[in-house]
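Residue-level listing of the chains:
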Amino acid sequence: LKVGEYVAKGTVIATLDQQQLERNEQRTFLAMEDALLRKQQLEKGAKAEQIELATINLQRQQLRYQQTEREYQRLRELYQNGAVPLSQVESYQDQLHLIEKDIKQAQNQLDTLYNTADEDEVRKADIAYGLALLNHQEAQQALAKTTIYSPANAVVINKYAEKGQHLGSGQP
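Fair warning: this is a prediction, and the values are worked out from it, not measured in the lab. (Residues numbered from 1 in each chain as written. Predicted model: local features only at pLDDT ≥ 70, side-chain atom pairs only at ≥ 80, totals over all residues. Heavy atoms only, no water.)

Caption draft 1: Quick peek at the overall build of the chain. If you tally the helices and strands in the chain, you get 4 helices and 4 strands. When the helices and strands of the chain are placed in sequence order, the string is β-β-α-α-α-α-β-β. By the compact-globule yardstick of 16 Å for 172 residues, the chain is too spread out, its C-alpha radius of gyration being 36 Å. Its C-alpha atoms give the chain principal-axis dimensions of about 120 × 25 × 25 Å. In the chain, buried positions account for 20% of the 172 residues. Sequence separation of 24 or more characterises 87% of the internal contacts of the chain that already satisfy a separation of 6 or more. A gap of 6 Å separates the mean positions of the 20 positive and 24 negative side-chain charges of the chain. (Helix = DSSP H or I, 4+ residues; strand = E, 2+ residues; numbered from the N terminus. Rg over C-alpha atoms; globule rule 2.2 N^0.38 Å. Buried < 20%, exposed > 50% of the residue type's maximum accessible area, 1.4 Å probe, protein only. Contact = heavy atoms within 4.5 Å. Lys, Arg positive; Asp, Glu negative; His and termini not counted. Charge placed at Lys NZ, Arg CZ, Asp CG, Glu CD.)

Caption draft 2: Region of interest: helix H1 (residues 19-44). Taking 1.5 Å per residue, 26 residues should reach 38 Å; H1 reaches 38 Å between its end C-alpha atoms and fits that length. Those residues of H1 hidden inside the fold are in contact with helix H4 (119-144). (Expected span 1.5 Å × (residues − 1).)

Caption draft 3: Inspection of the packing of H1 against H4 at higher detail. Where H1 contacts H4, the axes come no closer than 8 Å and their chain directions differ by 160 degrees. One way to sum up the angle between H1 and H4 is to call them roughly antiparallel. In this structure, H1 meets H4 at a crossing whose hand is left-handed. Partitioned by chemical class, the residues of the contact of H1 with H4 number 16 nonpolar, 5 polar and 7 charged. (Axes fitted to C-alpha atoms, helices over the stretch in contact; angles between N-to-C directions. Parallel < 35°, antiparallel > 145°, perpendicular 65-115°, else oblique. Left-handed = near helix turned anticlockwise from the far one by under 90°. Nonpolar A, V, L, I, M, F, W, Y, C, P; charged D, E, K, R; others polar.)

Caption draft 4: Examining the environment of Leu58 more closely. Position of Leu58 relative to the elements: it lies in helix H2 (residues 48-80). Separated by 47 residues in sequence, Leu58 and Gln105 place their C-alpha atoms 8.6 Å apart. The contacts of Leu58, once residues within four sequence positions are left out, are Ile103, Ala106, Gln107 and Leu110.

Caption draft 5: Just helix H3 (residues 86-114), in detail. Over its 29 residues, H3 extends 42 Å from the first C-alpha to the last, a length consistent with the 42 Å expected when each residue adds 1.5 Å. Listed in full, the buried residues belonging to H3 are Val89, Leu96, Ile99, Ile103, Ala106, Leu110 and Leu113. Tucked inside the fold, the buried residues of H3 contact H2.

Caption draft 6: Highlighting the packing of H2 against H3. Two numbers describe how H2 lies on H3: the axes approach to 9 Å, and their chain directions differ by 165 degrees. If you check the angle between H2 and H3, you find them roughly antiparallel. Note that H2 runs across H3; the crossing there is left-handed. Each residue belonging to the contact of H2 with H3 can be placed in one class, and the counts come to 17 nonpolar, 11 polar and 6 charged.

Caption draft 7: Molecular detail of the pattern of salt bridges. The final tally for this structure, using the stated rule, is 3 salt bridges. A salt bridge links Arg74 to Glu71, with the shortest nitrogen-to-oxygen separation between them at 2.5 Å. Of this pair, Arg74 and Glu71 both sit in helix H2, 3 residues apart, which is roughly one turn of that helix. (Salt bridge = Lys/Arg side-chain N within 4 Å of Asp/Glu carboxyl O.)

Caption draft 8: Inspection of the nonpolar core at higher detail. Among the nonpolar cores identified, the biggest contains 8 residues, and these are Ile51, Ala54, Leu58, Ile99, Ile103, Ala106, Leu110 and Leu113. When contributions to this core are tallied by element, the ones reaching two or more residues are H2 and H3. If one sorts the elements of this core by residue count, H3 sits on top with 5 residues. In this view, Ala106 contacts Asn57, Leu58 and Gln61; residues no more than four positions away in its chain are not counted. (Core = buried A, V, L, I, M, F, W, Y, C linked by side-chain atoms within 4.5 Å.)

Rendered as structure tokens:
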């Protein structure tokens, strides 16, 4: 712009160096995205692979129980006919009790995986996301303030700085 030049309202009359503010805006955007991803992962809970492995483990324990139950029933019949000793039947009965405990443990593990998102962790992640979002919005606002527009239709009466000149705070 030149002294004496007419400018319409809304015309760009000055721009400040935006490089550092653009980098800050990009950094805050990435931090916000990272915080959002962490929050979403915590809200989802366990990974699908973990749940799948726990489900397979539960199914194996249930199958093991069924097989041991069949063998136990067979040995009971043999015992009633005098073909096997009581200790062998009791051994399979003990195995059934142990497998029942294993099934309960596998079910608890699976239930825990479905409910892994600890409320405090999700809340902390939510707060971290909120702060990252706020920082990003502030960076965007600072970047938006690097362009100065004419507030009204006017004539340039004075020029306080030249292109490329560095100005300090409070300078006209």
